[in-house]
Amino acid sequence: MDIRVLKTKADIAKACGEIFIEEINKKSDIVLGLATGATPLPTYEYLIDAYKNGRVSFKEVTSFNLDEYCDLARENENSYYSYMLNNFFNHVDMDKSRINIPDGNAKDAEKECAAYDKMIEDMGGIDIQLLGIGTNGHIGFNEPSDEFTDATFKVKLSDSTIESNSIYFPDGDMPRYALTMGIGSIMKAKKIILIATGAAKIDAVDKMVNGEVSPACPASILQNHDDVIIFLDEDAAAKINK
Ligand code: PGA
């Protein structure tokens, strides 16, 4: 694991954003795996600025998001579809036909998940996968469990994820299920960049980096990937050099 500890979220956004810019400028039809949540927002802002300054174009980029809530209208402001449009896609020149997000309202979730994996495969796989990490060590919505998941699947969200994400659903209507890429899908990405910021992530980062590889901390599997960059701020990195 290539662990890079930087001072501020802005420093991470710049460092991470510059990797994306360089890779997109090398391969304009790159396939990106994208993440939602609070963590990647500064990176998306950095990329939007770079686009506005003419340093990068997303015209030929294809994207696959990690996950989406089930039983939540796509138009709901808390869907990951809305998140991606509002925080990124609407501000750059992405071709909307190349944006892929699992359909959490699909009647046949199994079929939707299989079709999603097939689309990724047909595109030649994901070149760079961006990840955050949950306080419980999840990546995507792969919650701690007894075994590592494989392909995209429908997951029942853990109590800790529901607790963390309920802040976005003050009316108490936080979805209980989601569709998520599996650990197997994530590990197939050619390059992985994970960002963790803030003291709430200290223990999850510690287990991911220092702990044994175990589905009890799904992110620990990244120790087995040969091209992973982990960007941490000083708060999140507090236990990594123990
Ligand atoms: P956050 O979520 O960026 O909102 O902290 C990260 C995650 O749950 O993967």
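Data block above holds the structure.
Fair warning: this is a prediction, and the values are worked out from it, not measured in the lab. (Residues numbered from 1 in each chain as written. Predicted model: local features only at pLDDT ≥ 70, side-chain atom pairs only at ≥ 80, totals over all residues. Heavy atoms only, no water.)

Novice: What is the right way to read the overall build of the protein from this model?
Specialist: For the protein, the count of helices and strands is seven helices and ten strands. For 242 residues, the compact-globule estimate of 2.2 N^0.38 gives 18 Å, and the protein sits close to it at 17 Å. With the C-alpha coordinates aligned to their principal axes, the bounding extent of the protein is approximately 45 × 40 × 35 Å. Per-residue burial over the protein gives 53% buried out of 242 residues. Of the roughly 11,300 Å² that the protein leaves accessible, carbon and sulfur atoms contribute 47%. If you average the places of the 25 positive and of the 40 negative side-chain charges in the protein, the two averages end up 3 Å apart. (Helix = DSSP H or I, 4+ residues; strand = E, 2+ residues; numbered from the N terminus. Rg over C-alpha atoms; globule rule 2.2 N^0.38 Å. Buried < 20%, exposed > 50% of the residue type's maximum accessible area, 1.4 Å probe, protein only. Areas by Shrake-Rupley, 256 points an atom, 1.4 Å probe, with all protein chains shown as cover. Lys, Arg positive; Asp, Glu negative; His and termini not counted. Charge placed at Lys NZ, Arg CZ, Asp CG, Glu CD.)

Novice: What is the right way to read the environment of Ser185 from this model?
Specialist: As for its position among the elements, Ser185 is in helix H6 (residues 183-187). Residues Ser185 and Asp122, spaced 63 residues apart in sequence, show a C-alpha to C-alpha distance of 13 Å. Dropping the residues within four chain positions of it, Ser185 is found in contact with Asp117, Asp150, Ala151 and Thr152. Engagement of the side chain of Ser185 in a polar contact is seen with the backbone nitrogen of Gly182, the distance being 3.0 Å. (Contact = heavy atoms within 4.5 Å. Polar contact = N/O pair within 3.5 Å; in protein donor to acceptor, adjacent residues only side chain to side chain.)

Novice: What exactly am I supposed to notice about the packing of aromatic side chains here?
Specialist: For any two aromatic rings, the description comes down to two numbers: the centre-to-centre distance and the angle of the planes. As enumerated under the stated definition, the model contains ten aromatic pairs in all. Taking 4.9 Å as the distance between ring centres and 25° as the angle between the ring planes, the aromatic pair formed by Tyr44 and Phe88 counts as stacked. Within this pair, whereas Tyr44 is found in helix H2 (residues 41-52), its partner Phe88 is found in the loop between helix H3 (80-87) and strand S5 (99-100), the two being separated by 44 residues in sequence. Both residues of the pair, Tyr44 and Phe88, count as buried. Ring centres of Tyr80 and Tyr83 lie 6.5 Å apart, and the angle between their planes is 75°; on these two criteria the pair is classed as edge-to-face. In this pair, Tyr80 and Tyr83 both sit in helix H3, three residues apart, roughly one turn of the helix. Each member of the pair, Tyr80 as well as Tyr83, carries the same accessibility label: buried. Of the aromatic side chains, those joined through ring pairs into one cluster are Tyr44, Phe58, Tyr69, Tyr80, Tyr83, Phe88, Phe89, Phe141 and Phe169. One cation-aromatic arrangement involves Arg74 over Tyr81; the distance from NZ or CZ to the ring centre is 3.9 Å. (Phe/Tyr/Trp six-rings, centres within 6.5 Å; stacked < 30°, edge-to-face > 60°. Lys NZ or Arg CZ within 6 Å of the ring centre and 35° of its normal.)

Novice: What is the right way to look at the sheet that holds strand S4 (residues 67-69) in this model?
Specialist: Pairing between sheet strands relies on hydrogen bonds along the backbone, with the strands arranged either parallel or antiparallel. Read across the sheet, three strands follow the order S4-S8-S7 without closing on themselves; strand pairing throughout is antiparallel. The open sheet has two edge strands with one neighbour each: S4 and strand S7 (153-156). Across the sheet, the mean angle separating the axes of adjacent strands is 25° when strand polarity is ignored. Sheet topology note: the S4/strand S8 (residues 177-180) ladder contains three bridges and is antiparallel. Bridge assignment links Glu68 to a residue of S8, and that residue is Leu179. (Pairing = 2+ DSSP bridges. Axes fitted to C-alpha atoms, helices over the stretch in contact; angles between N-to-C directions.)

Novice: What's the story with the pattern of salt bridges in this structure? I'm lost.
Specialist: Where charged atoms from two side chains of opposite charge approach closely, those side chains can pair. Counted by the stated rule, this structure contains ten salt bridges. One salt bridge connects Arg55 with Glu18, and the closest N-O pair in it is separated by 2.9 Å. Taken as a pair, Arg55 in the loop between H2 and strand S3 (62-65) and Glu18 in helix H1 (residues 9-26) lie far apart in primary sequence, 37 residues in all. Its relative accessible area of 25% is what places Glu18 among the partly exposed residues. For Lys191, the salt bridge identified is with Asp227, shortest N-O distance 3.2 Å. Taken together, the residues span a long stretch of sequence, with Lys191 in strand S9 (residues 191-196) and Asp227 in the loop between helix H7 (202-210) and strand S10 (228-233) at a distance of 36 residues. (Salt bridge = Lys/Arg side-chain N within 4 Å of Asp/Glu carboxyl O.)

Interpretation in functional terms is not warranted from these geometric data alone.
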